[in-house]
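Descriptive analysis of the structure
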Amino acid sequence: MDAFTPIHMSVLKEIGNIGAGHAATALGNMLGKRMYMHVPHVKLATFAEVMELSGGSDEIVASCIHTFTGALSGKLFFLLPVKEATDLLQEWMGESIATEMAQSAFREMSNILAGSYLNALATFADSSIIPSPPAMTIDLQGAIMSVGLVDLSMETNKVIAIETVLVPSDSEDALRGCILLLPDPKALPQLFSMLGVEG
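Below is a summary of the structure that appears in this document.

This paragraph deals with the pattern of salt bridges. With the rule as written, the count across this model stands at one salt bridge. One salt bridge in this structure joins Lys 83 and Asp 87, with 2.9 Å as the shortest N-O distance. A residue pair is termed a helical-turn pair when its members lie 3 or 4 positions apart in one helix, as Lys 83 and Asp 87 do in helix α3 (residues 82–93) at four residues. For Lys 83, a relative accessible area of 58% corresponds to the exposed category.

Right, dumping it as structure tokens:
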């Protein structure tokens, strides 16, 4: 992770924007409205910095965690403040995030986002990356991240943070979520070599 350069981050941001374009189309079809989505920032963040990306460790968030395997292995988190998740689901299906139906819809949203980003990454790498079905949690962000990062913390204290902005076409309010990519550090040199970016 510490060997990342601005070129590495630029490549990841470009892949993120391509994934966002595909995700916006799929989410729009799911929600029955046009969605705009972009990735304003991709950064290499410490665990402490990650906590601030979605409002701090005391912010209650809806989170889905995917494990992925293939040319690159690791975990992917999708985090959205629970108020924004609730507002979106309430408007779309009239359901609170606390209901089983709404949580199923939120998991499907995460499937779309994770699949779109990892598919874009795999396409650039001319390889295959397969995400698992998501495990969903609603809790304090600090608690979610502490559990999710415990294995990775033995090797690094940084993750790839992809800020994600979703804007429904019929609203001026943007939904600011965050995708955290936690790849196996041992696989990163091979991945960037496959992407044509040497360390």
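Further remarks concern the packing of aromatic side chains. Scanning all chains against the criterion turns up one aromatic pair. On the basis of an interplanar angle of 20 degrees and a centroid distance of 5.5 Å, the ring pair of Phe 78 and Phe 106 is categorised as stacked. You can see Phe 78 sitting in strand β4 (residues 74–81) and its partner Phe 106 sitting in helix α4 (residues 100–125), a full 28 residues away along the chain. Note on Phe 106: relative accessible area 1%, which makes it buried.

Here we take up the environment of Ser 128. Here Ser 128 shows up in the loop between α4 and β5 (129–131). Taking the C-alpha atoms as reference points, Ser 128 and Ala 71, separated by 57 residues in sequence, lie 5.8 Å from one another. When residues no more than four places from it in sequence are discounted, the contact partners of Ser 128 are Thr 69, Gly 70, Ala 71 and Ala 122.

Conventions used here
- Residues numbered from 1 in each chain as written.
- Predicted model: local features only at pLDDT ≥ 70, side-chain atom pairs only at ≥ 80, totals over all residues.
- Heavy atoms only, no water.
- Salt bridge = Lys/Arg side-chain N within 4 Å of Asp/Glu carboxyl O.
- Helix = DSSP H or I, 4+ residues; strand = E, 2+ residues; numbered from the N terminus.
- Buried < 20%, exposed > 50% of the residue type's maximum accessible area, 1.4 Å probe, protein only.
- Phe/Tyr/Trp six-rings, centres within 6.5 Å; stacked < 30°, edge-to-face > 60°.
- Contact = heavy atoms within 4.5 Å.

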